[in-house]
Each structure stands twice: as C-alpha cells, then as structure tokens.
Amino acid sequence: MNVPMNVHLTLVALAAAAVLTPVAAQTPAPAPSPTPAPAPKPAPPPASEPAKLEKVEVTGTMIKRTNAETATPVSILKREDIVRSGATTLDELLRMDPATGAGSLNDMSSGSGFSPGTATISLRGLGSAATLVLINGRRMAPAGVVDPNSGQSTVFNVNTIPMSAIERIEILKSGASSLYGSDALAGVVNVILRSDYQGRLIELNHKQRGDGLFKSHSVNLTAGFGDFHKRGYNLLAGVDLFIRDGVGIAEAPNLVQGELLSTLYGRLQPSSTTSYPGNLYTYANGASGSWRGMLSPACETQAPYSATLATPRCLWDSTRFAQYTGDQRRGSVFLRGSLNLGADTALNAELLGSRVTNAYTDSPTGRTETLTVWGDAQGHTVQFKGLALPATHPDNPTRLASTSNPVLLPNSSGGFTTYRAPMVLGLRYRFADLPYDRETQADNLRGVLSLSTTWKGWDLDAGLMHHWQQNRTTLNGRLSLSGLNQVLADGSYRFGGVNSPAVLALLSPQINDRGESATSSMDLRGSREIGHLAGGTAMLGLGGEFRHERFDVSADPRTAAGDIIGRGIGEATNARNVAAAYAELQLPLLKGLETQTAVRAERYTDFGRALTAKLGFKYALSRHLTVRGSWADGFRAPSLSQNSKSAVFAFSSGYRDPKLCPVVASTNPNCSMSLSTVSLANPALQPEKSDSFTLGLIFEPLRGTEIVLDAWAIERRGEVDRLSAQEILNREDEFPGMVMRLPPTDGPLGSVYQVRRPYQNLAMSRTAGVDYEFAQRFSLDRFGRLRLSLRGTHLLEREQQAQEGLPVVDTLGYYRVPRNKLGISASWSKGDWSASLSGDYRSSMESFSAGSSCDKTLTTAGRTDLCRMPAWTTADLSLSYKGFRGLKLSGTVRNLADKRPALNPNETEIGVGSSDGNAYGRYFSLSASYEF
C-alpha cells in the first residue's frame, strides 16, 4: 500500500486542479436558501407550498446536502442511541464502536503516568494523536499534558464534554486532513451539541452492579426559551453533574480472573520485603545488601525467611491498593443563544464550561537500601544511594552496640551477625504513614460566536472560537530527597513509630503539576451552486482559518529541581500560528454520480507548509445499489511538546552498556544499569504523513433492508517517536551526544548515567480492514416495529515498522490487535414502549505483543493456555416507557450473563486492560427524564 511519491503528487495535483477548474453552467442556478447551520430548523411550509428538502452539513464535507450518505463512511450516534447505551461518559460510549482500538487513554484506574485523568479516543488503533475531535465542526484545545507514551501530547480529553449537551455524534472513519487539517489521519469524531430546544427537562441516571459496586449518579437540567422563527430568538441552558465512586480490587477481588492473579502473580498476597515497619539489611553505598532481620516485631504480616529458615521477615502487599476505577466528579454548564436577524441570517453564541476531578490511591511509597537514579529539569543526574539508618539513629538497633554490649542480628544463613560498634544499616521500608494518592482536575472553557447567512448565492458561516483547558495534578506521599536526608540525619522521623505533621510535611511535601493549553481561531467558510452538469447541481465550497495554539506544561518546582525521589518530569512550553485555506468541489458528472474533491493548504509558523487533498466519489448504479470510494492524504503536525523547549524525564533499570559489558556477567554493574532517560524535543521534525483509501457498497435489495460494506486502508509514515534507550546504547556511535557518560576512572570510557532520546520521524504503520453493517426493518402491524442490525470491523492487515530499514512486523492477532470486533442488536418499539437486545464481540488474540513472547510467569507455571486471550462476548438489554405525560423511564442491563473478561497477563493487578474489556460484570443503569 506504499504510495510512490510521483503518484501521490499527481493525486494532489488532480485534486487541486479539479477544485480550481470552473464548471460550465448549462443553466443559471438560482441562489439557494437553505437554513444556515447551525441555526435551528425552519418552520414547516404552508400546506399549499411544496415541502423543501432541508440541507444539512455532514462531517466529512463542508457543503450542505440533503443526503447524509457521503463518499466516505460516517457513523452517526443519535441522542436516543446514547440514552439506550447506558453509557455515562463520552469515553465509555465511543469505546463501544467497533472502529475504536488500542492507543487511547482512559481515566478509570490508577491514573499513573504522564496524563492521569485524561480520556481519549483512538480510531483504527492508530493512537489518540491520529484521531481529531471536533465540537460542532470546530477544533478542541488539546489536554494540557505531555504524554510520550500515548499520543505524543496532542490528545483530546473527551470527558470534558458533558453528555447531556450532546445532540448526536458523527464518526468519520477515514482521513480528513484536506478538510480539517492536522491530526485527522485515522478519522474524525465530531460532537454536535444541542440547539433550539424549548421547554424544561430533568434527567436522572443511576448505575451500579447488583452488589452496589461501580456506582455512578448523574443529574442533568436543561431549559430552553423562545421560538427562533416566531419570536426571533432561542436561549438554551444546561447543567450536568456526575459522580463516580471508586472501586478497589480488595473490595471485589474476583471480578476478573482474580484467583489466577493471586495464584500466578501473588495479587493480594503479602510478598514485598519493602514493608512496614520494615526489614534491615547491610548497607554498601547503594548496592543490594544482605538481610539482617525485621526492624520491629510489630509487623502485621510475618513469614519465614525461606523454606529452610524459620526466622521471620516482614512482608507487605502493595496490590491491595490498586483500583478498578478511581473516584470522579464532573460538573459542566452549557449555554447557547440564537438570534434571528432575518434574511436567512442567524447569530449564535455558545459557552461550554466544565470541571472534571479524578482521585486515585495507590500503595504508600517504599525505599530500599539500593541506588535510585533520576534527574532534574536541566538534565542533571540526581542519586539517592539507598535508605540507610545512620549509626546513631534512634531506630538503628546497633546504636548502643559495644564490645561489652554486643548486638546480635539474624542473617540469611540461619545464624546471627554480631555488632560490637554502631553500624550504618540499610532498610527496606514502606512509609505507611504517608497516604499515597493523586488528584487531577481538568478545567475546560470554550466560547464560540458564529454568524450564518446567505449572500449572492453563498451559504456563509463565520466564527470566532476560544477554547482553554487547564490540567492540575496534586500528589501526596512522594518523598523529598532533601527532606528525607534531613530527617535521617537528625533522627526526627521514627521508622515504624508516630511522627508529627511537621515532620511528615518536611519528608513529603504536596506536589502540584500544571498544564495549560489554548486554541483560538477565526474562520470563514461558504458554499454555493456553480452550475449544472448531467447529474445535477455542481457545488463549490471555500474556506479559510487562522488559528493560534498555545501549550504550557510545567512540573512542580521541587520535581523540576530533582528533589522528589525517582519522579519523572514532563515539561513543555510553545506557541504557534496556523493559517489555512481550503476548497471543496462536488461535481455530479453523470446521473447518479457524485464526486468530491478537496484540497487544503496550511502554513505553520514552526515547521512550515502542508498541502493535503482528497478525491472521492459516490455512484448510484441503480435504485438499490450505490458504490463509493475515496483517497485522502493526511498529516499530523509535530505537537508543541515535540519541536519546542521541552523535555520528558523518565527513569528505569535493566539497561546494558555494550561497550562496558560486552559479555553479560552478574558481577559487572554495567550489565544491568539504572538510568535516567530524556525525551528531547527536535525543532527539525517534519509532519507525519498518511494515505487512506476507502471503497464501499451501499445495497438496499429490499424495502427496509440496508447493507453497507466499506473496505479501508491507511498507511502512516514518518511517525514521530523515539528509539528505546537500549537501542541508542546499542548504536551509540550513530547518535553522538545522546549517551552521557561520567568521567572515566579506569579505562577510556566512563559509566553511562543518562540516555537522551530525541524525537524523530521514525516509524511506519499500515492497517486495513472491512467495516460492515446490516440493518433490517420489519413492520409487525399491531405488534409494533422491529429493527435488526449488525455492525463490525474485520482487520485484514496491521503492520508496524519501528524505523526505516528495520523489519516490518505483522501485529495482527497479537496483543491489543484483535482481528474482529462487532456488535449485533434487535430493537423493538410499539407505542410508548421500546426495547433492545444487543451483543458485543471481540475476537481472541495473543496476550503478548508481536516480536515478544508469552509472559515468563505463565510459561514457568505451565499455563501456556493463558498465552492467548479468548474471545469476549457480552449481551445487553434495555427497556424504556414514555406513557406518562412528560416522563420517560428507561433501564439497561449491561453484560447480562455476567461474563468475566479474559485474564490479561499484562495487567497483573486489575487483570484487564481498557482496550480488551472491563471489570464491571453485570451492572444496571436506570434513567428517568421529565419534560415540562
């Protein structure tokens, strides 16, 4: 599917030429007068007038149309679909679509990493950075986070959009950079907000399992006043409140395959020697020590040192603090006003504000006698050479040792070690008096002022938009290097004892990280008839946009200074301007044939220019059969954290220096090193590029029957990524200055202390598949109406290449890349009653990534049957009744059979990942709405 450069340029040139070529009008076209989006629907015409088909704007084209089917596939989720789903967050709703895949973030569980509390969506499994999210056709500001692991920071937090404000969601499952610009490589999610509502509405929802777990509550209030057409205005206001209770794995350990997690991985079983009140070890300046007994007998869980030594050790269970979901609180306000200025002119103003807070807990932090290496924001290495009790510390059992008063401590040989003088001792200790938690707060404020009108045959829409997002993260329970050194030196912190708030505050100050992003834009777009061809009216759309993007993420000053032990740092500051001009042409060359051509030119003040194009067609071969197809090239601009003043610091262990460790030996410290790694910005980055293709059929063989097949393929090139730290170590000579070494002490080379990983245009990925949809409607006469539907995605290809010249790896069927995802449903309605029964299916897949191997724990235990995750199938049932005046009641039972997802050995605490299932089991959603 690799498109040669000359073919690619030819396609772009054809698209540009088609847009710029005038259409010879056979007859002058009268100026149309459709209702300008997003103004409310017009009043019905008098009975004596013929009904006028209303033109609407559909995602994937800027030209308004009467037929929602375009040259590229678009899925539409209507408000009733959203209610029937039982979903309480936009993230949960969008994950139900078979086109979504791995590479997205969720705000459910631990909240760890660089982007806690952020929920994103990934189409076609190409990652969050390849999916553009729009609100009413205009861009969002990205979340104020720097996450090199998922989406390279340009990620859109979908849970900042209130569910109650959504009218419908349109999902364009094809590249669309020619219309929307950067980030739309895999597709577009366009969230359409409510408009022109009159009345007052109260909506309540409660969701939980039968045992009371996974509770969530929401209340939505909406009020609309004024008839846009009769009174010349409409005002709409909505308030949305949502609460989700967190659930820890200790509350319900068997929701996933809990018994296997306990047996194989020791979940909910004390096993860590970094415990409370801790274990003593010898101290060797950061090297691993030898055991010297418990610090105190007041240990909650004691176990023999080994099968042959009964002397007890103190053990700790860290897994009991893990969570299936964290607490969430969400509040939002939506205001919209429309003013009818007459002559098909409407002035609209929108204001959307929200605050989403998430709270997560985890096991209190622990330290051992071994070395920890990290760094500060300037790239300097910082070290903590292990937790060591000074000889005079009041908790050191040897502090009073002397020749006349020897102190005996047990050892791992079954005997005792005698101390006749005070001795520094290492300690493996869990700071249980420092609760370890994380709270995130995402604030979102978006304002749009738009004007739609008609002028000399043009349908015009102009808008001003400003969208601001701020992310704050508050962390407790992290250790300050300076604070820990001070309390060790003066003995003010008592290990296993009672400590004052002042000492705890010195040892573990509250950490506050922040991130802020803002996108401001002005745009003008319009479309009009430009003539007639054999197939009908030709349409032209033109538009322009100017956008300012700003991004600023900073770490807490203590973290930036390297004072928080072992903590990574993510910082970025940048801004840029973007100017774009775009055009679209629809030419009905033949009867039943509609073609779409689009081209977009952009200029970014940081990396330069981008030109993208699209060609598409839809041809009605008969009244029952339509064929459609498209080609589009796309691009993703380097994010503001990748080509600016920014750096992301992380810290890990197990690295090997090939030059100082040519042969692995356990006695050589260069064979397994702890290093800081730095993800460096690169101003020379170029945009990622893509080509996407679709070819489909829309078949209506019988009345009420619809079959849709769409084959698709996407190739993405020059993906921005970093080589692994080990890869750079292996190829050090190719990357001068990227491997940082200490001054040599013995030989020509010093030891490595840091590896720098610059962002580069490295990777390539290809994916292809078939989307299918079948729908059949039946009239059951006096028994109502029935609709059967099937929709799904079958992957044909999924390949990745880490860097040009390296092997192309087939990832299809491996972890997070199932071959099939589908949903089936039967919906029935009669009068005030409606019901639906639906099922979801995800096919089996390997539990490990391509190029890797099955988890060693499973193979050692002889459970290679768990190396493949079996298919997961669930069924849902919903029922609603609206027979009471103004009142509608509905209920949904998700996962009727209470099916547990397959064990995911990559998630050894929760047992399931967000892309392959959930731990909810059978749960219930009850809703009531009252309109008056």
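Residues numbered from 1 in each chain as written. Predicted model: local features only at pLDDT ≥ 70, side-chain atom pairs only at ≥ 80, totals over all residues. Heavy atoms only, no water.

Caption draft 1: Just the packing of aromatic side chains, in detail. Under the definition given, this model contains 18 aromatic pairs. Between Phe-431 and Tyr-493, the aromatic rings sit 5.6 Å apart at their centres with planes inclined by 45°, giving tilted as the arrangement. Here the residue Phe-431 occupies a position in the loop between strand E23 (425-430) and strand E24 (436-455), and Tyr-493 occupies one in the loop between helix H6 (481-490) and helix H7 (501-507), the gap between them amounting to 62 residues. For Phe-431, a relative accessible area of 0% translates into the label buried. For Tyr-493, a relative accessible area of 0% corresponds to the buried category. Each residue in the set Tyr-276, Tyr-429, Phe-431, Tyr-493 and Phe-495 is aromatic and connected to the rest through ring pairs, giving one cluster. In this structure, Arg-124 is placed above the aromatic ring of Trp-712, and the distance from its NZ or CZ to the ring centre is 3.9 Å. In this arrangement the basic side chain of Arg-194 is found over the ring face of Tyr-197, its NZ or CZ atom lying 5.1 Å from the centre. (Phe/Tyr/Trp six-rings, centres within 6.5 Å; stacked < 30°, edge-to-face > 60°. Helix = DSSP H or I, 4+ residues; strand = E, 2+ residues; numbered from the N terminus. Buried < 20%, exposed > 50% of the residue type's maximum accessible area, 1.4 Å probe, protein only. Lys NZ or Arg CZ within 6 Å of the ring centre and 35° of its normal.)

Caption draft 2: Quick peek at the state of the cysteines. Summed over the entire model, instances satisfying the criterion amount to 3 disulfides. Paired through a disulfide, Cys-299 and Cys-314 show a sulfur-sulfur distance of 2.1 Å. Here the disulfide of Cys-299 and Cys-314 is right-handed, its torsion about the S-S bond being about 90°. Here Cys-314 lies in strand E13 (residues 312-314) and Cys-299 lies in the loop between strand E11 (291-294) and strand E12 (302-304), a separation of 15 residues in the sequence. In this structure Cys-299 comes out as buried when scored by relative accessible area, which is 9%. Among the residues examined, Cys-314 registers a relative accessible area of 0% and is labelled buried. Cysteine pairing in the protein chain follows 1-2, 3-4, 5-6, where each cysteine in a disulfide is numbered by its order in the sequence. (Disulfide = S-S within 2.5 Å.)

Caption draft 3: Inspection of the nonpolar core at higher detail. The biggest cluster of nonpolar side chains holds 52 residues, and the ones touching the most others in it are Leu-90, Leu-93, Ile-161, Ile-166, Ile-169, Val-188 and Val-189. Every element with two or more residues in this core is listed here: helix H3 (90-94), strand E2 (131-135), strand E4 (166-172), helix H4 (177-180), strand E5 (187-193) and strand E35 (705-721). Excluding its chain neighbours within four sequence positions, the residues that come into contact with Ile-166 are Arg-79, Ile-82, Leu-90, Ile-161, Val-191, Ile-192, Leu-193 and Arg-194. Leu-295, Leu-484, Val-503 and Val-678 belong to the second largest nonpolar core, which has 32 residues in total. (Core = buried A, V, L, I, M, F, W, Y, C linked by side-chain atoms within 4.5 Å. Contact = heavy atoms within 4.5 Å.)

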